[in-house]
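This is what each chain is made of:
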Amino acid sequence: MNQEVISILKELLPKGAVLTDEPMKRHTTFRTGGACTCMASPSDAASLREVIKLLNKAETDYYILGNGSNLLVSDKGYDGVIISLKNFSDIRLENEKSIYAEAGAMNSAIASFTRDNNLTGFEFAAGIPGSLGGAIIMNAGAYGGEMKMVVRQVQVLTTDGEVIRLDEKSMKFGYRTSALKGKKFVVLGAVLDLEKGDSTEISRMMQELALKRKEKQPLEYPSAGSTFKRPEGYFAGKLIEDAGLRGYTVGGAQVSEKHCGFVINKDNASSSDIYRLICEVQEKVYENSGVKLEPEVIMLGDF
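Residues numbered from 1 in each chain as written. Predicted model: local features only at pLDDT ≥ 70, side-chain atom pairs only at ≥ 80, totals over all residues. Heavy atoms only, no water.

**Some words on the overall build of the protein chain**
(1) Moving on: Of the regular secondary structure elements, the protein chain holds eight helices and 18 strands.
(2) Moving on: Here the protein chain has a C-alpha radius of gyration of 20 Å; the compact-globule value for 303 residues is 19 Å, and the two agree.
(3) Moving on: Counting only C-alpha atoms, the protein chain reaches 55 × 50 × 30 Å along its principal axes.
(4) Moving on: Put simply, the protein chain has 303 residues, and 49% of those count as buried.
(5) Moving on: Nonlocal contacts in the protein chain, meaning residues at least 24 apart in sequence, comprise 65% of its contacts between residues at least 6 apart. (Helix = DSSP H or I, 4+ residues; strand = E, 2+ residues; numbered from the N terminus. Rg over C-alpha atoms; globule rule 2.2 N^0.38 Å. Buried < 20%, exposed > 50% of the residue type's maximum accessible area, 1.4 Å probe, protein only. Contact = heavy atoms within 4.5 Å.)

**Structural notes on the packing of aromatic side chains**
(1) Moving on: This structure, assessed with the given rule, holds two aromatic pairs.
(2) Moving on: A cation over a ring is seen here: K184 above Y62, with NZ or CZ 4.0 Å from the ring centre.
(3) Moving on: Over the face of the ring belonging to Y286 we find K292, whose NZ or CZ atom lies 5.6 Å from the ring centre. (Phe/Tyr/Trp six-rings, centres within 6.5 Å; stacked < 30°, edge-to-face > 60°. Lys NZ or Arg CZ within 6 Å of the ring centre and 35° of its normal.)

**A few points about the pattern of salt bridges**
(1) Moving on: Scanning the model with the defined rule gives 16 salt bridges in all.
(2) Moving on: With a shortest N-O distance of 2.9 Å, D193 and R152 are connected by a salt bridge. Placement of the pair is D193 in strand β13 (residues 186-193) and R152 in strand β11 (residues 151-157), with a sequence separation of 41 residues.
(3) Moving on: Take D193: its relative accessible area is 31%, and that puts it in the partly exposed class.
(4) Moving on: By relative accessible area, which is 32% here, R152 ends up partly exposed.
(5) Moving on: With its nearest N and O atoms 3.1 Å apart, the salt bridge here joins K229 to E294. In this pair, K229 sits in the loop between α6 (199-216) and α7 (236-242) while E294 sits in the loop between α8 (271-289) and β18 (298-300), placing the two residues 65 residues apart along the sequence.
(6) Moving on: Relative accessible area serves as the criterion here: at 15%, K229 is assigned to the buried category. (Salt bridge = Lys/Arg side-chain N within 4 Å of Asp/Glu carboxyl O.)

**Let's talk about unusual backbone geometry**
Glycine aside, a negative phi is what most residues show, and trans is what most peptide bonds show.
(1) Moving on: Phi at R31 takes a positive value of approximately 60°, unusual for a residue other than glycine.
(2) Moving on: Inspection of the secondary structure puts R31 in the loop between β1 (18-23) and β2 (35-40).
(3) Moving on: Residue classification places R31 among the partly exposed residues on the basis of a relative accessible area of 47%.

**Brief notes about the side chain of N70**
(1) Moving on: Tracing the sequence through the fold places N70 in the loop between β3 (62-65) and β4 (71-73).
(2) Moving on: Look at N70 and you get buried, because its relative accessible area is 15%.
(3) Moving on: The contact partners of N70, leaving out residues within four places of it in the chain, are M138, A224, E296, V297 and I298.

**Concerning the sheet that holds β13**
(1) Moving on: On the basis of which strands lie adjacent, the open sheet formed by five strands has the order β6-β7-β13-β11-β12 and antiparallel pairing. The sheet is open, and its two borders are formed by β6 (91-95) and β12 (163-167), each paired with just one other strand. For this sheet, the mean angle separating the axes of adjacent strands, direction not counted, is 20°.
(2) Moving on: Judged from the four bridges that link them, β6 and strand β7 (residues 98-102) form a sheet pairing that is antiparallel. Paired with R92 across the strands is Y100, a residue of β7.
(3) Moving on: The strands touched by helix α2 (residues 45-57) are β11, β12 and β13; relative to β13, the strand with the most contacts, the crossing angle is about 145°. (Pairing = 2+ DSSP bridges. Axes fitted to C-alpha atoms, helices over the stretch in contact; angles between N-to-C directions.)

**Examining the nonpolar core**
(1) Moving on: Membership of the largest hydrophobic core comes to 55 residues, with the highest contact counts inside it found for L9, L48, I110, F122 and V154.
(2) Moving on: Look past the residues within four positions of V154 in its chain and what remains in contact with it is I136, I164, R165, L166, M171, L180, V187, G189 and A190. (Core = buried A, V, L, I, M, F, W, Y, C linked by side-chain atoms within 4.5 Å.)

**So, the sheet that holds β1**
(1) Moving on: If you walk across this open sheet you meet the four strands as β1-β2-β5-β3, and the pairing is mixed. If you trace the sheet from one side to the other, it starts and ends with β1 and β3, each paired once. Strand-to-strand twist across the sheet, computed as the mean angle between neighbouring axes with direction ignored, equals 30°.
(2) Moving on: Here β2 pairs with strand β5 (residues 78-84) via four bridges, running parallel. Residue M39 lies in a different strand from β5, and its bridge partner there is I82.
(3) Moving on: Strand contacts of helix α1 (residues 3-12): β1, β2 and β5, with the helix running at about 125° to β1, the strand carrying the most contacts.

**Structural notes on the side chain of T227**
(1) Moving on: Tracing the chain through its elements places T227 in the loop between α6 and α7.
(2) Moving on: Non-local contacts of T227, meaning those with residues more than four positions away in its chain, are made with G261, F262, V263, I278, P295, E296 and V297.

See below:
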């Protein structure tokens with residue numbers, strides 16, 4: 001990567017906002033991955049626009065990072081710029097039934113904010129281990145809820161540096177996808193439409209869902225949540241179990257014994273361990289059932 005680009009980034013952003021050779025295991029929920037060449041943390045939309053403008057002009061690869069909860073970074077690292085949205089975490093009321101949350105706000109923080117303001121409808125997302133931007137792009141969901149049920153408008157930065165607003169129809173939400181998936185657009189934030197509720201009842205529901213997660217999911221180990229998309233007409237975890245893969249291990253990576261839909265970092269796994277396990281699960285499930293599992297996890301770097 002061009003070192004001049006890094007020098008210009010350091011001039012553009014405040015001191016400490018640009019890191020070099022930053023280990024990505026610090027920034028992913030798998031807790032694996034080599035170093036990125038550079039990590040930049042803009043503080044607002046204007047500086048983010050300038051960073052992306054610079055990188056596009058210099059033809060430098062970049063990746064937008066939220067909480068790293070759906071990301072597997074190669075052990076070789078990433079030769080490009082990781083743009084962290086950790087500073088985009090503001091949450092505020094729009095009106096008595098709507099909020100605006102920035103893309104870097106954690107789903108758990110948004111759920112707590114809505115509860116404290118007697119707004120219901122976001123409880124399903126309280127335990128989704130990521131930030132709002134990523135959740136919107138993949139239309140994240142749990143326990144009967146999906147982002148498409150609450151998103152009214154998404155504020156996006158285009159590759160041309162233009163800030164546009166997309167309504168829920170333009171977002172084309174589908175199962176774990178949206179119109180933004182695979183594009184270089186950056187989610188800045190979104191307006192969420194909710195309903196008036198009672199904070200006590202909302203809290204009770206959040207606690208109930210948290211208990212269900214703890215009982216059924218391997219939260220005690222690093223993972224990226226559900227590793228595979230649900231194939232139409234099937235459940236990924238059931239297909240993996242039927243293939244005899246409960247507890248199946250490659251290096252330090254394991255198919256969770258608690259929930260077969262999760263690949264976990266059981267014992268100091270490398271990204272290579274996790275990647276190889278994902279590939280072997282795909283092969284063995286296909287051999288057993290004829291169903292091709294598609295990973296939900298994003299692979300970044302060379303595997």
